[in-house]
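# Analysis of the macromolecular model
So you can see what is in the structure, the chains are spelled out below.
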Amino acid sequence: MGVVAIRDLKQHAGETVTVRGWMFNRRSAGKLHFLQVRDGSGFLQCVAGRKDVDEATFELLGRVTQESSVQVEGEVRLEPRAPGGAELGVRRFEVIQMAAQPYPISIQDHGHGVDFLMEQRHLWLRGPKASATLRVRARVIQAIRDFFNQRDFTLVDPPILTPAACEGTTTLFNVEYFEDKAYLTQSGQLYMEAAAMALGKVYSLGPTFRAEKSKTRRHLTEFWMCEPEIAFATLDDIMSLAEEFVSFVVRRALETCGEEFKHLERDTKPLEKIVPPFHRIRYDEAVTKVRAAGVEMRDEDDFGTPQEMAIVGDSEKPVMVHRYPTAVKAFYMKRDPENEKRVLCVDVLAPGIGEIIGGGQRADDLAYLEEQIALHKLPRAAFDWYLDLRKYGSVPHSGFGLGIERTVAWICGNEHVRECIPFPRTIYRIYP
Ligand code: 4AD
Ligand code: MG
């Protein structure tokens, strides 16, 4: 029998198979060695008795170091107490490379601080929680693609190098672009609007960049966003889409990430309750809630983490807050026809993490947009192409952006977004 992934071992009970991976842990008890081997698909206990292998192998098993790369041949035995439900009775054992000692992240030492672990991120990824989070992330991304593909959205990839700001000029990363200046994209939205006028329903999924100068548990300087945009859609339409979308992604995670949630010690009961409809409240009602909870809040101001936590309160589902003050939102938002101090926007706030989605209906009137571009002191020439969209067949349209890391943090029950991207970038970190 050839090489088998640890995840599939249970289907090979009684067979002799080969597993290739890395030594995660070892325990020896006189005549027995217990090895924990991981191969990226799971963790496996391998048991070797003195009589099962030759003497040299038994001796090697007793000194193989943590994270050595290894190949193990043995018989698969069902073992309900073992993680994954099977263990391997070792027959043959080979070290591919004996790992240097000491391994920086030793199993015995649980006292590593997050800063130390982040410095070792290239190795920390191998740990059970870190790798489980990455697997959840991959499945969330697959669910996102499936959701939009099943609904006939066309995937469109907006550029990463851009000539102008989308989300305000204070968080732009500058790039030298030959003789010109360019910026790393903050959001693909403006391009997705152009694509929606061409293709009707579109979505993007990719990295976006913001020079966030504050260090918080929910801000990265490089993060991934999924941005759907739909021609003829209103604010109400995309609020309904957002709650269906978020519920779909959570359900898929529940269906596909059972093992991962065990490693993460994630209580999944709260996630079972994530189904439409989500609670919808206006900004003004949300402000009342914030103040009633005793959290300070200036008039007409945006919400920060404490305010968002107060709004979600002990709600088990995300809360959708709509119609924020015009003054705190981006230039492209459509004004609420019933109140010019409010825009037709929505933020989806998830329990424990806060805003995971921001979006809304876009201003579709040329004169209004020109005014807003001037008001926000944006360079008009860089937006000429965008204004063309309002000159040639402008229609009502709406969209939103979902932050991948915040969504994964919420689903995994991770405190911090930096654990939800393979190599996080923050104001103080660009290594490794
Ligand atoms: O609310 P934001 O800024 O909205 C936009 O960029 C719109 N142009 C999207 C659109 O309508 N197409 O960002 C959207 C989401 C936030 O809700 C949050 O989840 C995430 O992106 N996000 C961040 N995630 C990690 N680190 C940061 N610095 C983030 N900034 C925003
Ligand atoms: Mg936002």
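You'll find the structure just up there.
Here is a short report on the structure shown in this document. All figures in this text were calculated on a predicted structure; none of them were measured in a lab.

Ordered in space as 7-9-8, the three strands form an open sheet in which the pairing is antiparallel. The open sheet has two free edges, formed respectively by strand 7 (161-162) and strand 8 (174-177), since each of these has just one partner strand. Where strand 7 meets strand 9 (residues 180-184), two bridges bridge the pair, whose relative direction is antiparallel. Across the sheet, residue Leu161 finds its bridge partner in strand 9, namely Leu184.

Looking now at the sheet that holds strand 4 (residues 69-78). Sheet strands line up and pair through hydrogen bonds in the backbone, either parallel or antiparallel. Around the barrel, which closes on itself, the five strands sit in the order 1-2-3-5-4 with mixed pairing between neighbours. Neighbour-to-neighbour, the strand axes of the sheet open up by a mean angle of 55 degrees, direction not taken into account. Across seven bridges, strand 2 (residues 32-38) lies against strand 3 (residues 43-49) in antiparallel orientation. Bridge pairing in strand 3 links Val37 to Leu44.

Let us now look at the packing of aromatic side chains. Per the counting criterion, the structure on display carries 17 aromatic pairs. With centroids separated by 4.6 Å and ring planes inclined at 15 degrees, the aromatic side chains of Tyr191 and Trp385 adopt a geometry described as stacked. Here Tyr191, found in helix 5 (residues 189-199), pairs with Trp385, found in helix 12 (residues 384-391); they are 194 residues apart in sequence, far enough to count as distant. Look at Tyr191 and you get partly exposed, because its relative accessible area is 24%. The interplanar angle of 35 degrees and the centroid separation of 5.9 Å between the aromatic rings of Phe245 and Phe400 together place this pair among those described as tilted. Remark: Phe400 occurs in strand 18 (residues 397-403) and Phe245 occurs in helix 6 (residues 235-256); sequence separation between them is 155 residues. Overall, the relative accessible area of 0% leaves Phe245 in the buried class. Across the ring face of Phe34, the terminal group of Arg27 is positioned such that the distance to the ring centre comes to 4.4 Å. The aromatic ring of Tyr386 is capped on one face by Arg390, whose charged end is 4.4 Å from the ring centroid.

Attention shifts here to the side chain of Arg218. Within the element layout of this structure, Arg218 appears in the loop between strand 10 (201-209) and strand 11 (222-231). At a separation of 3.2 Å, a polar atom in the side chain of Arg218 contacts the side chain of Thr305. Apart from residues no more than four positions distant in its own chain, Arg218 is found in contact with Gly304, Thr305, Glu308, Ile353, Gly354, Glu355, Arg406 and Val417.

Criteria and thresholds
Per chain, residues are indexed from 1 in the order of the written sequence. The naming scheme follows written order: chains are lettered A onward, ligands numbered 1 onward. Where local features are concerned, this predicted model is filtered to residues with pLDDT of at least 70; where side-chain atom pairs are given and counted, the filter is 80 or more; whole-chain, interface and lining totals use all residues. The side-chain values count all of the structure's non-hydrogen atoms but skip hydrogen atoms and water molecules. Pairs of strands are assigned from DSSP output, requiring at least two bridges between the strands. Secondary structure counts use DSSP, requiring at least four H or I residues in a row for a helix and at least two E residues in a row for a strand, with both numbered from the N terminus. The axes are straight lines fitted to the C-alpha atoms, using for helices just the contacting stretch, and the angles between their N-to-C directions are given from 0 to 180°. Each Phe, Tyr or Trp ring, with Trp reduced to its six-membered ring, pairs with another whose centre is within 6.5 Å; inter-plane angles below 30 degrees give stacked pairs, above 60 give edge-to-face pairs, and intermediate values give tilted ones. Exposure is judged per residue with a 1.4 Å probe applied to protein chains only, and the accessible area is read against the type maximum: over 50% gives exposed, under 20% gives buried, and values in between give partly exposed. In this scheme, the term charge over a ring applies when either NZ of a lysine or CZ of an arginine sits within 6 Å of the ring centre and within 35 degrees of the ring normal. Definition of a polar contact: a pair of N or O atoms within 3.5 Å, with one able to donate and the other able to accept a hydrogen when the atoms are protein atoms, and with sequence-neighbouring residues admitted only if both atoms are side-chain atoms. Note on definitions: a residue-residue contact is assigned when non-hydrogen atoms from the two residues lie within 4.5 Å.

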